[in-house]
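Observations on the model geometry
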Amino acid sequence: TQSRSSAASDVYKRQGLEQLAKLINEMLSGYRETLATATGRRLSGEEISEVMPGSALIGETAYGDPYTVQIHSKEHIEINYDNATNDTDTGRWWVDQDQWWRQFNHSTYGEARGFSVVLEGQIIKWFDKSGDLVDIELFIQNYVAPETLS
């Protein structure tokens with residue numbers, strides 16, 4: 001379990017990262033897609049439920065570490081970081097109205113977050129409740145993990 005001082009430290013880190021993200025979004029507002037201007041196809045809740053199971057998301061953390069998120073059957077998600085320690089984490093995902101929600105046990109502070117989803121080819125774009133672009137990842141439908149190939 002997490003100590004009180006560690007939990008408080010996480011709160012301050014999260015607040016700092018949120019402020020930094022807001023500042024960056026303001027600085028880039030003329031150059032960054034929003035949900036209103038996004039290219040690609042915005043997915044409905046039903047479409048999200050259809051395309052996500054069995055897929056993978058490949059991206060990079062803010063620190064440049066590559067990761068793969070495997071989206072298993074509804075309610076199960078796994079993230080594998082390609083870093084010095086090869087960290088992993090699990091959690092759950094679900095659809096609420098037209099948003100994809102996810103919550104890891106430890107990653108991203110263990111908080112539940114919901115996103116509007118836009119798919120453009122193999123690129124998936126995540127938009128927060130304000131319509132700001134939060135992240136872009138490679139989307140691979142019908143993903144087979146490398147360790148299962150043999």
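Below or above, wherever it landed, is the structure these notes cover. Here, residues in each chain are numbered from 1, in the same order as that chain's written sequence. Only residues with pLDDT of 70 or above have their local features reported here, since the model is predicted, and side-chain atom pairs are shown and tallied only from 80 upward, although totals for entire chains, interfaces and linings are computed over all residues. Excluding hydrogens and water, the side-chain figures rest on all heavy atoms present in the structure.

1. What to know about the environment of Q141
- In this description a helix means any DSSP run of H or I spanning at least four residues, a strand means any run of E spanning at least two, and both kinds are numbered starting from the N terminus. By the element assignment, Q141 lies in the segment after β9 (133–140).
- Among all residues touching Q141, those that are not within four sequence positions of it are V51, G54 and S55. By definition, residues are in contact when any of their heavy atoms lie within 4.5 Å.

2. A look at the side chain of K125
- Of note, K125 is situated in strand β8 (residues 123–127).
- Buried means the residue's accessible area, taken with a 1.4 Å probe over protein chains only, is under 20% of the maximum for its type, while exposed means over 50%, and partly exposed covers the values in between. A relative accessible area of 3% means that K125 is categorised as buried.
- In terms of polar contacts, K125 uses its side chain to reach the side chain of E33, at 2.9 Å.
- When neighbours within four sequence positions are excluded, K125 is seen to be in contact with E33, T39, S116, V117, V118, E120, L133, D135 and I136. A 3.5 Å cut-off defines polar contacts: any pair of N or O atoms within that distance qualifies, except that in protein one atom must be a possible hydrogen donor and the other a possible acceptor, and neighbouring residues in sequence count only when both atoms are side-chain atoms.

3. Notes on the packing of aromatic side chains
- Two rings from Phe, Tyr or Trp (for Trp, the six-membered ring) form a pair when their centres are within 6.5 Å of each other. A pair whose planes differ by under 30 degrees is stacked, one over 60 is edge-to-face, and the rest are tilted. This structure, assessed with the given rule, holds five aromatic pairs.
- A ring pair is formed by W94 and W101, whose centres lie 6.0 Å apart and whose planes are at 15°; its orientation type is stacked.
- Overall, W94 belongs to the buried group, its relative accessible area being 16%.
- Between W100 and W126, the aromatic rings sit 4.8 Å apart at their centres with planes inclined by 35°, giving tilted as the arrangement. One end of the pair, W100, is in strand β6 (residues 99–104); the other, W126, is in strand β8, with 26 residues separating them in the sequence.

4. Comments concerning the pairing of β8
- Counted residue by residue, β8 has four buried out of five residues, so it is predominantly covered.
- Think of it this way: DSSP has to see at least two bridges between two strands before they count as a pair. The sheet contact formed by strand β7 (residues 113–120) and β8 spans five bridges and is antiparallel. Within β8, the position partnered with V117 by the bridge is W126.
- Summarising the sheet, β8 and β9 pair through five bridges and their orientation is antiparallel. When the bridges of β9 are listed, W126 appears paired with D135.

5. Re unusual backbone geometry
- Backbone geometry at Q97 places phi at a positive 55°, although glycine is not the residue there.
- Mapped onto the fold, Q97 is located in the loop between β5 (88–96) and β6.
- Looking at Q97, the relative accessible area reads 70%, which means it is exposed.
- Of note in the backbone geometry, T108 takes a positive phi value of approximately 50° without being a glycine.
- Mapping T108 onto the fold places it in the loop between β6 and β7.
- For T108, a relative accessible area of 38% puts it in the partly exposed group.

Just distances and angles here, no functional claims.
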